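Chain residues, written in single-letter form:
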Amino acid sequence: MMDSQSVQEIVNRQKQMVQSGVTKSVDFRLKQLETLKSAIKEREKLVMEALFADLGKSKFEAYATEIGTVYDSISHAMKNLKKWAKPQRVRTPIVHFGSTSYIYSEPYGSTLIIGPFNYPFMLVMDPLIGAISAGNCAVVKPSEYTPHVSAIIAEILADCFDETYIITLEGGKEITSILIHTPFDLIFFTGSIGVGKIVMEAAAGNLVPVILELGGKSPCIVDRETNLDLAAGRIVWGKFLNTGQTCVAPDYVLAHRDIKEALIVKMKEQITSFYGAAPKDSPDYGKIVNTRQWDRLNGLLDHTKVVAGGNGDREDLYFAPTIMNGVEWDDKVMEEEIFGPIMPVLEYDDLSLVIDKVNARPKPLALYLFTENKSVENRVLESVSFGGGCVNDTVLHLVSPYLPFGGVGSSGMGSYHGKHSFDSFSHRKSVLKKSTRINLDLIFPPYNERKLKWIKKFMK
């Protein structure tokens, strides 16, 4: 059993490794990324099998949303790492005449990465790519709720790396508690808002910086000027992907009164089109991660408002793609993030009231808007604060390495993906280099009116 002293010893060894300068070599980092990618490719089939065992993911979904995404992240980092790692020269104010200014990106040191259960492979490996790219060591803690994926992650990382550099620590709440109370140099956590608060409180005791990727109720606004066929397909795909267990899934739909009923009809048609008349038998529809989550979701249902789905099989962890109509803001299903295959549909008539209602709630991780009206688009995007999102689509902003992914307010802090991962796992060290051939004594005492006149000229 891993205890606090054992974890501290791991962290100490990792910090020593970073201080030795080994991990700061760009060639070293590139080699580690290449090694990681090769090891995943060798076990690609095993990763798919683990994702199916834990979450019922199809091969297509496992590759598209987890394995392939990791490959893309590694390739993007390897292609750009030399450029990212170079000291960045920036402008210098004239008051510092004779100086040049640079930003050096240096690793934090020993980092902790805590993964969630919903995308248990990708949401561990993606931040790990950032940690490696920036020259850090890492302790990886996969989710205990996906034991098959956790085991294959441990196998891959043990095969690739020395434990002094990167190590996997498996286990439940006990090991997580030990880890978050250990003085790492950075903690990267993906998970629920409630646990995120616990992580942040624990990290504060050691003044450890945190990156929190949390969640919240992400709204999907459907304007009356919308291509309903496209909207229905894209909303249903984004909502029921990974059986609704996606942090950026559309949590609820706000549909304009003029098109709400038509949209519901089309969404029901899309569910059948995607998963057949019996989604339980579809190879493309997964399962809920465990009975605890199944029971929680079942408790959110109001069967008087269910217009599609609403059924399931607890033993098989099957929960049908479900749509609820006539939902109100104070219904139970609207109290917290759903994180499952239940789609509440609310009706609106006045966009101003919708904006006010969304803004009155905690800032969401994502927001989606379907409209062909540019003024509606501008109004929503300028009026609502959210982590990130899409116009006329769902979820796909998550997979662009050029867009920072992260929350705001209660949906998280910090961001990553692409260079944003490199930056998040790097301390940006500021350096001003002063010429020794020029020596201006303007700032040195004794001061006089002449010096005051010149300083006022430069600093205004």
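Please read these numbers as outputs of a predicted model, since none were measured by experiment.

## Focus on the domain arrangement of the protein
Here comes step 1: Domains assigned within the protein are domain 1 (4-214 + 411-429) and domain 2 (219-399).
Here comes step 2: Relative to domain 2, the C-alpha centre of domain 1 lies at a distance of 31 Å.
Here comes step 3: The largest per-residue losses of area from domain 1 upon contact with domain 2 belong to Leu 55, Phe 117 and Ser 411, which jointly make up 29% of the total buried on that side.
Here comes step 4: Scanning the region where domain 1 abuts domain 2 turns up zero salt bridges.
Here comes step 5: Counting every contact that joins domain 1 to domain 2 gives nine residue pairs in polar contact (both at pLDDT 80 or more).

## Points about the state of the cysteines
Here comes step 1: Within the structure shown, the criterion is met by zero disulfides.
Here comes step 2: Of all cysteine sulfurs in the structure, the one in Cys 390 sits closest to Cys 247, which takes part in no disulfide; the separation is 13 Å.
Here comes step 3: Counting only cysteine sulfurs, Cys 220 is the nearest neighbor of Cys 390, a cysteine outside any disulfide, at a range of 9.8 Å.
Here comes step 4: Assessed through its relative accessible area of 12%, Cys 390 is described here as buried.

## Observations concerning the pattern of salt bridges
Here comes step 1: The full count for this structure, using the stated rule, is 21 salt bridges.
Here comes step 2: Salt-bridge contacts for Glu 155 lead to Arg 43; the nearest nitrogen and oxygen are separated by 2.9 Å. With Glu 155 in helix α6 (residues 147-160) and Arg 43 in the loop between α2 (26-42) and α3 (44-55), this residue pair connects regions lying 112 residues apart in the sequence.
Here comes step 3: Relative accessible area serves as the criterion here: at 38%, Glu 155 is assigned to the partly exposed category.
Here comes step 4: Look at Arg 43 and you get buried, because its relative accessible area is 12%.
Here comes step 5: When salt bridges that share partners are traced, they join Glu 42, Arg 43, Glu 155 and Asp 159 into one network.

## Points about the layout of surface pockets
Here comes step 1: In this structure, the largest pocket spans a volume of roughly 1,200 Å³.
Here comes step 2: Lining the largest pocket are 45 residues, with Gly 191, Ser 192, Ile 193, Gly 194 and Val 195 positioned closest to its centre.
Here comes step 3: Those elements giving two or more residues to the lining of the largest pocket turn out to be α7 (173-180), β6 (186-190), α8 (193-204) and α11 (291-298).
Here comes step 4: When residues of the lining of the largest pocket are assigned to their parent elements, the largest contribution, five residues, is made by α8.
Here comes step 5: Residues of the lining of the largest pocket, tallied by class, amount to 19 nonpolar, 14 polar and 12 charged.
Here comes step 6: Mapped onto the domain boundaries, the lining of the largest pocket takes at least three residues apiece from domain 1 (4-214 + 411-429) and domain 2 (219-399).

## Let's talk about the nonpolar core
Here comes step 1: Among the nonpolar cores identified, the biggest contains 89 residues, and Leu 36, Leu 128, Ile 156 and Leu 157 are the most heavily contacted of them.
Here comes step 2: In terms of residue count, the dominant contributor to this core is helix α4 (residues 59-85) (nine residues).
Here comes step 3: When neighbours within four sequence positions are excluded, Leu 128 is seen to be in contact with Leu 36, Ile 113, Ala 138, Val 140, Leu 157 and Ile 166.

## Description of the sheet that holds strand β1 (residues 88-90)
Here comes step 1: Spatially, three strands are ordered β1-β2-β18 in an open sheet, and the strand pairing comes out antiparallel. Whereas interior strands pair on both sides, the edge strands pair on one side only; in this sheet they are β1 and β18 (426-434). The average undirected angle you get between the axes of adjacent strands in this sheet is 30°.
Here comes step 2: With three bridges joining them, β1 and strand β2 (residues 99-107) adopt antiparallel strand pairing. Within β2, the residue paired with Gln 88 across the bridge is Ile 103.

## Let's talk about a nonpolar patch on the surface
Here comes step 1: Together, Ile 94, Val 95, Trp 454, Phe 458 and Met 459 line one region of the surface with nonpolar side chains, adding up to about 480 Å² of accessible area.
Here comes step 2: Within the secondary structure, Phe 458 sits in helix α15 (residues 449-458).

## Focus: the packing of aromatic side chains
Here comes step 1: Counting across every chain of the model gives 15 aromatic pairs.
Here comes step 2: Residues Tyr 63 and Tyr 71 carry aromatic rings whose centres are separated by 6.0 Å and whose planes lie at 65° to one another, so their mutual orientation is edge-to-face.
Here comes step 3: Ring geometry for Phe 188 against Phe 425: centres 5.7 Å apart, planes inclined by 15°, an arrangement best described as stacked. Here Phe 425 lies in the loop between α14 (419-424) and β18 and Phe 188 lies in strand β6, a separation of 237 residues in the sequence.
Here comes step 4: A relative accessible area of 0% means that Phe 425 is categorised as buried.
Here comes step 5: Three or more aromatic residues link up through ring pairs in this structure, and these residues are Phe 188, Phe 405, Tyr 416 and Phe 425.
Here comes step 6: The ring of Tyr 71 is capped by Lys 41, whose NZ or CZ atom sits 4.1 Å from the centre of that ring.

## Focus: α2
In an α-helix, one full turn covers 3.6 residues, which means residues spaced three or four apart are oriented alike.
Here comes step 1: In this model α2 runs 25 Å from its N-terminal to its C-terminal C-alpha over 17 residues, within 8% of the 24 Å that 1.5 Å per residue would give.
Here comes step 2: Among all positions in α2, only Phe 28, Arg 29, Leu 30, Gln 32, Leu 33, Leu 36, Lys 37, Ala 39 and Ile 40 are buried.
Here comes step 3: Among the structural elements, α1 (4-19), α3, α4, α5 (122-133), α6 and α14 are those in contact with the buried residues of α2.
Here comes step 4: The N-cap residue of α2 is Ser 25: its side-chain oxygen and the backbone nitrogen of Asp 27 are 3.3 Å apart.

## Description of the packing of α2 against α4
Here comes step 1: Where α2 contacts α4, the axes come no closer than 10 Å and their chain directions differ by 170°. Between α2 and α4, the angle is such that the two are roughly antiparallel. Together, Val 26, Asp 27, Arg 29, Leu 30, Leu 33, Glu 34, Leu 36, Lys 37, Ile 40 and Lys 41 of α2 and Ile 67, Val 70, Tyr 71, Ile 74, Ser 75, Ala 77, Met 78, Leu 81, Lys 82 and Ala 85 of α4 make up the contact between the two elements.
Here comes step 2: A per-class count over the contact of α2 with α4 returns 13 nonpolar, one polar and six charged.

About the thresholds
- Each residue is numbered by its place in its chain's sequence as written, counting from 1.
- Totals for whole chains, interfaces and linings use every residue, but because this is a predicted model, local features are given only for residues with pLDDT of at least 70 and side-chain atom pairs only at 80 or more, for both listing and counting.
- Calculated side-chain values reflect all of the structure's heavy atoms, with hydrogen atoms and water omitted.
- Source of the domain bounds: an automatic or database domain assignment.
- Here the quantity called buried area is the total loss of accessible area, with a 1.4 Å probe, experienced by two parts when brought into contact, counted for both.
- Salt bridges are defined as contacts in which a side-chain nitrogen from Lys or Arg sits within 4 Å of a carboxyl oxygen from Asp or Glu.
- Counted as a polar contact is a pair of N or O atoms within 3.5 Å, where, for protein atoms, one must be capable of donating a hydrogen and the other of accepting one, and residues adjacent in sequence contribute only when both atoms are in side chains.
- Two cysteine sulfurs form what is called a disulfide whenever their separation falls within 2.5 Å.
- To sort residues, take the accessible area from a 1.4 Å probe on protein chains only and compare it with the maximum for the residue type: under 20% means buried, over 50% means exposed, and anything in between is partly exposed.
- Secondary structure elements are defined from DSSP: runs of H or I of at least 4 residues count as helices, runs of E of at least 2 residues count as strands, and each element is numbered from the N terminus.
- Of the two site types, the cavity is a set of points on a 1 Å grid over the protein atoms alone where a 1.4 Å probe fits but cannot get out, and the pocket is an open set with protein on both sides within 12 Å along at least five of seven lines, each lined by residues with an atom within 4 Å of a point.
- Grid points are joined across faces, edges and corners, and a volume is the space filled by probe spheres set on the points.
- Polar here means any residue other than Ala, Val, Leu, Ile, Met, Phe, Trp, Tyr, Cys and Pro, which are nonpolar, and Asp, Glu, Lys and Arg, which are charged; Gly is therefore polar.
- By nonpolar core we mean a set of buried residues, namely Ala, Val, Leu, Ile, Met, Phe, Trp, Tyr and Cys, connected to one another through side-chain atoms within 4.5 Å.
- In what follows, residue pairs with any heavy atoms lying within 4.5 Å of each other are defined as contacts.
- The pairing criterion is simple: DSSP has to find at least two bridges between the two strands.
- Orientation is described by lines fitted to C-alpha atoms, with helices fitted over the stretch in contact, and by angles between N-to-C directions that extend from 0 to 180 degrees.
- The residues that make up patches have over 30% relative accessible area and no salt bridge, and they are joined within 9 Å when like-charged or within 5 Å when they are Val, Leu, Ile, Met, Phe, Trp or Tyr.
- Accessible surface area values rest on a Shrake-Rupley calculation with a 1.4 Å probe, where residue burial reflects the displayed protein chains alone.
- What counts as a ring pair is set by centres within 6.5 Å for rings of Phe, Tyr and Trp (its six-membered ring), and what kind of pair is set by the plane angle: stacked under 30 degrees, edge-to-face over 60, tilted for all other angles.
- When the NZ atom of lysine or the CZ atom of arginine is within 6 Å of a ring's centre and also within 35 degrees of its normal, the charge is said to sit over that ring.
- A helix is expected to span 1.5 Å multiplied by its residue count minus one.
- Oblique is the label for any angle not under 35 degrees, not over 145, and not in the 65 to 115 range, which are roughly parallel, roughly antiparallel and roughly perpendicular in turn.

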